[in-house]
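Spelled out from the first residue to the last, the chains are:
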Amino acid sequence: MALLTVRNLALGYESHTIAEGISFTLNAGDYLCIVGENGSGKSTLMKTLLHLREPMGGEILTGDGLKRDEIGYLPQQTVVQKDFPASVREIVLSGCQGRCGLRPFYNREDKKRCEENMERMGITALANRCYRELSGGQQQRVLLARALCATQKLLLLDEPVSGLDPKVTNEMYRLIESLNKEGLTVIMISHDISAALQYATHILHIGSQIFFGTRQEYIESEAGQLFLAQQKGGEQA
């Protein structure tokens, strides 16, 4: 059974529809990039997948044992989040909150998961550092380790390289790619169409046209060709 199935989803708020007719299926190990124009509903879709916002129509189905509270999420960072006064270990460990249930404390398994994911992200040496003292790239690794504490199956990333310099951006993309190759299913919103076409197995385009398919199918599609031409024109402008 598919890990995630979305059928004829409509997105919006109050009575305003942003996007509709969104359908796609993801299997374990897929890497989906969500692309499209600004304001097309990409972040709203991600919040809807996380059940932080109700859909205006359609349905979202999970399978392969995936539970609603077992999805890792790395949101876009805000200025307030960048200045959060907590230690790296405290932030990473907080990713286990969804696993605690009614327990008012973290158990040995939670703490072990925290240490393992800090090691995976190469931030063990930063464990006792204050989060707000870190560089942007280090902060993103901390938040990625936190998201990994919440999931072993599905990771949602909203513009994970926003504001990072090119070297750190490439390091972050390679890190996400390695997690995907380990078997983690990835859904990533990206404005970087070249990175999307390099790393993704599938593309979901949201805009005046809705498209879902493999990377190659997107390149050959009308929606893909039009969007790629717009992106190229914007870079030359």
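Structure report, in brief. (Residues numbered from 1 in each chain as written. Predicted model: local features only at pLDDT ≥ 70, side-chain atom pairs only at ≥ 80, totals over all residues. Heavy atoms only, no water.)

With respect to unusual backbone geometry
Here's step 1: Even without being a glycine, His-51 presents a positive backbone phi close to 65°.
Here's step 2: Mapped onto the elements, His-51 comes out in the loop between α1 (42-49) and β4 (57-62).
Here's step 3: Residue His-51 is classed as partly exposed on the basis of its relative accessible area of 29%.
Here's step 4: The phi dihedral of Asp-64 is positive, around 55°, even though this residue is not glycine.
Here's step 5: Inspection of the secondary structure assignment puts Asp-64 in the loop between β4 and β5 (71-74). (Helix = DSSP H or I, 4+ residues; strand = E, 2+ residues; numbered from the N terminus. Buried < 20%, exposed > 50% of the residue type's maximum accessible area, 1.4 Å probe, protein only.)

Details of the packing of helix α6 (residues 136-150) against helix α7 (residues 166-181)
Here's step 1: Orientation of α6 relative to α7, taken along the N-to-C sense of each, is 15°, at an axis distance of 10 Å. By the angle between their axes, α6 is roughly parallel relative to α7. Once α6 is placed against α7, the crossing between them reads as right-handed. Of the residues in α7, those touching α6 at Gly-137, Gln-140, Arg-141, Leu-144 and Leu-148 are Val-168, Glu-171, Met-172, Leu-175, Ile-176 and Leu-179.
Here's step 2: Residues belonging to the contact of α6 with α7 are distributed by class as follows: 7 nonpolar, 2 polar and 2 charged. (Axes fitted to C-alpha atoms, helices over the stretch in contact; angles between N-to-C directions. Parallel < 35°, antiparallel > 145°, perpendicular 65-115°, else oblique. Left-handed = near helix turned anticlockwise from the far one by under 90°. Contact = heavy atoms within 4.5 Å. Nonpolar A, V, L, I, M, F, W, Y, C, P; charged D, E, K, R; others polar.)

Let's talk about the pattern of salt bridges
When the charged atoms of two side chains with opposite charge come close together, those side chains can pair.
Here's step 1: Enumeration over the complete set of coordinates arrives at 6 salt bridges.
Here's step 2: A salt bridge links Arg-129 to Glu-133; the nearest nitrogen and oxygen atoms lie 3.8 Å apart.
Here's step 3: Note that Lys-181 is salt-bridged to Glu-177, the shortest N-O span being 3.6 Å. With Lys-181 and Glu-177 both in helix α7 and 4 residues apart, the pair spans about one turn of that helix. (Salt bridge = Lys/Arg side-chain N within 4 Å of Asp/Glu carboxyl O.)

Taken by themselves, the reported measurements are silent on function.
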